[in-house]
Amino acid sequence: MSQPSSPEGLATSSCPTADQLSAVNIVWVDIRALLPNTKEDLKLDFSEKVEESVISLLQQARDLLYGAGSLCSRSTRETCFQVSEIIIDYSWEKLNIGTWRDVDKDWRRVYSYGCLFKVLCMCSEESTIADTIRVCDMGLLMGASILDNILVRIINVLQKHLTYGKWSAEEDTKESQRKKIRNDHTTVPSIKSEEVIPRLHCPSLEHFRENYMIPQKPVILEGIVDHWPCMKKWSLDYLRQIAGCRTVPVEVGSRYTDEEWSQTLMIVNDFIDQYIMNKNSIGYLAQHQLFDQIPELKQDICIPDYCSLGEGEEDNITINAWFGPEGTISPLHQDPQQNFLVQVIGRKYIRLYSPQESENLYPHETQILHNTSQVDVEDPDLE
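Remember, predicted model here, so these are calculated numbers, not experimental data. (Residues numbered from 1 in each chain as written. Predicted model: local features only at pLDDT ≥ 70, side-chain atom pairs only at ≥ 80, totals over all residues. Heavy atoms only, no water.)

What to know about the packing of helix 4 (residues 105-123) against helix 5 (residues 129-142)
The test is simple: Orientation is described by lines fitted to C-alpha atoms, with helices fitted over the stretch in contact, and by angles between N-to-C directions that extend from 0 to 180 degrees. Helical segments are the DSSP runs of H or I of at least four residues, strand segments are the runs of E of at least two, and each set is numbered from the N terminus. In what follows, roughly perpendicular refers to angles from 65 to 115 degrees, roughly parallel to angles under 35, roughly antiparallel to angles over 145, and oblique to any angle outside these ranges. Residues count as neighbours in contact if any of their non-hydrogen atoms are within 4.5 Å of one another. Under the scheme applied here, ten amino acids are nonpolar (Ala, Val, Leu, Ile, Met, Phe, Trp, Tyr, Cys and Pro), four are charged (Asp, Glu, Lys and Arg), and all others, including Gly, are polar.
Their axes nearest at 8 Å, the elements helix 4 and helix 5 cross at an angle of 170°. In terms of orientation, helix 4 lies roughly antiparallel with respect to helix 5. Taking contact as the criterion, the partners of Arg 108, Tyr 111, Ser 112, Cys 115, Lys 118, Val 119, Met 122 and Cys 123 in helix 4 are, on helix 5, Asp 131, Thr 132, Val 135, Cys 136, Met 138, Gly 139 and Met 142. Residues of the contact of helix 4 with helix 5, tallied by class, amount to 9 nonpolar, 3 polar and 3 charged.

Below, the structure is given as structure tokens:
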């Protein structure tokens, strides 16, 4: 991985005065204000699972950050950048040994710190903001929260310096009309009347709990999300504006049980271009905690009151996002939690089976797919 070039205005041993601050320096000042005041406040506490040599590298990067002149010296920046790259590369190997659930959280924190130190070097250089945000996103996706979720706060600062196209209500209306035309051509399988899930308009919490939640009966609730901002704001243009440069995980292929199925990371703009606008290939942003990664989108939705009827506190509610073109399929599977699904744009065809039918749906015997059926419900093998 190549190092970012150092702008001439920053290649000095001392920081420039306020009158000499360039746009790059203004970003650096804003980012530096998010950090702890002293290196003693930036604690690097890890378990014995993290080798002393790695902790030494983290301490070296921290010392360079808080040393005389901070990262204003070119040589200091280059050294810190190299150290952060070593931290990222080494911890990346740790993250990719075995299954994800077995990865120790401390190694995810090490990876996030490596991304943080690299980002700080990039913020004090003439790196593009989009590239810097991409490194932050890698820390958010693969790492763990550090320093009060500082990577999210850094992205918030960086995005203020991004140049967005002007957004207008007229553009929003045109895009909504295009979506409506596209949705009207979507076909829905014919369903027998006795198999159709009932619909209720804004039932009381008590009625919902007693008649549907406790007996575990599916129901479609109408009129409870119409006021959400996303119902009017969300469009491809809006998502590009808010999240276009953000890196997200994408499933490549129709369904995750196919042999050719794979996963990759890409920015939202590329995902829209390759898989939403291009109907010849299938990619799916599936079951991703997008709203934790991009809080601006979370402001467009709410947690329905019905979710308060479940076990645990509101902070423990998991909010995932699905975004994909026609043809994306989630194989028949069982989720460990109750689900409240909101369809903002487009349509989704869902088939539900009673838990009593589990044995007849032949779940996979392997541990990784134990919650997934071997049956293709649209084309079952009846022999």
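What to know about the sheet that holds strand 3 (residues 247-252)
Selection rule: Strand pairing is assigned whenever DSSP identifies at least 2 bridges connecting the two strands.
Taken in spatial order, the 4 strands make up an open sheet running 4-3-5-6, and their pairing is antiparallel. Here the strands that pair on one side only, and so sit at the sheet edges, are strand 4 (262-267) and strand 6 (321-323). For this sheet the average axis-to-axis angle between neighbouring strands, irrespective of direction, equals 35°.

Side note on the environment of Gly 310
Condition: Buried means the residue's accessible area, taken with a 1.4 Å probe over protein chains only, is under 20% of the maximum for its type, while exposed means over 50%, and partly exposed covers the values in between.
Along the chain, Gly 310 turns up in the loop between helix 13 (295-298) and strand 6. Overall, Gly 310 belongs to the partly exposed group, its relative accessible area being 31%.

Focus: the packing of helix 2 (residues 52-66) against helix 3 (residues 74-95)
Helix-helix packing: each pair is described by the crossing angle between the helix axes and the interaxial distance. Condition: Left-handed describes a crossing in which the near helix is turned anticlockwise from the far one by less than a right angle; the clockwise case is right-handed.
Interaxial distance between helix 2 and helix 3 falls to 9 Å at its minimum, and their mutual angle equals 150°. Overall, the two elements helix 2 and helix 3 adopt an arrangement that is roughly antiparallel. When the axes of helix 2 and helix 3 are compared, the crossing they make is left-handed. For the pair helix 2 and helix 3, the contacting residues are Val 54, Leu 57, Leu 58, Gln 60, Ala 61 and Leu 64 in the first and Thr 76, Thr 79, Cys 80, Val 83, Ile 86, Ile 87 and Tyr 90 in the second.

Regarding the packing of aromatic side chains
The condition that has to hold: Here is the rule: rings of Phe, Tyr and Trp (six-membered ring for Trp) pair when centre to centre is within 6.5 Å. Planes less than 30 degrees apart are stacked, more than 60 are edge-to-face, and the remainder are tilted.
For the structure on display, the rule yields 9 aromatic pairs. A centroid spacing of 6.0 Å and a plane angle of 75° characterise the contact between Phe 46 and Tyr 113, whose relative ring orientation is edge-to-face. Highlighted residues: Phe 46 in the loop between helix 1 (23-32) and helix 2 and Tyr 113 in helix 4, separated in sequence by 67 residues. Using a relative accessible area of 15% as the deciding quantity, one classes Phe 46 as buried. Between Trp 92 and Tyr 111, the aromatic rings sit 5.9 Å apart at their centres with planes inclined by 40°, giving tilted as the arrangement. Here Tyr 111 lies in helix 4 and Trp 92 lies in helix 3, a separation of 19 residues in the sequence. The partly exposed category is assigned to Trp 92, whose relative accessible area is 32%. On the accessibility criterion, Tyr 111 (3% relative accessible area) is buried. One aromatic cluster in this structure is built from Phe 46, Tyr 113 and Phe 117.

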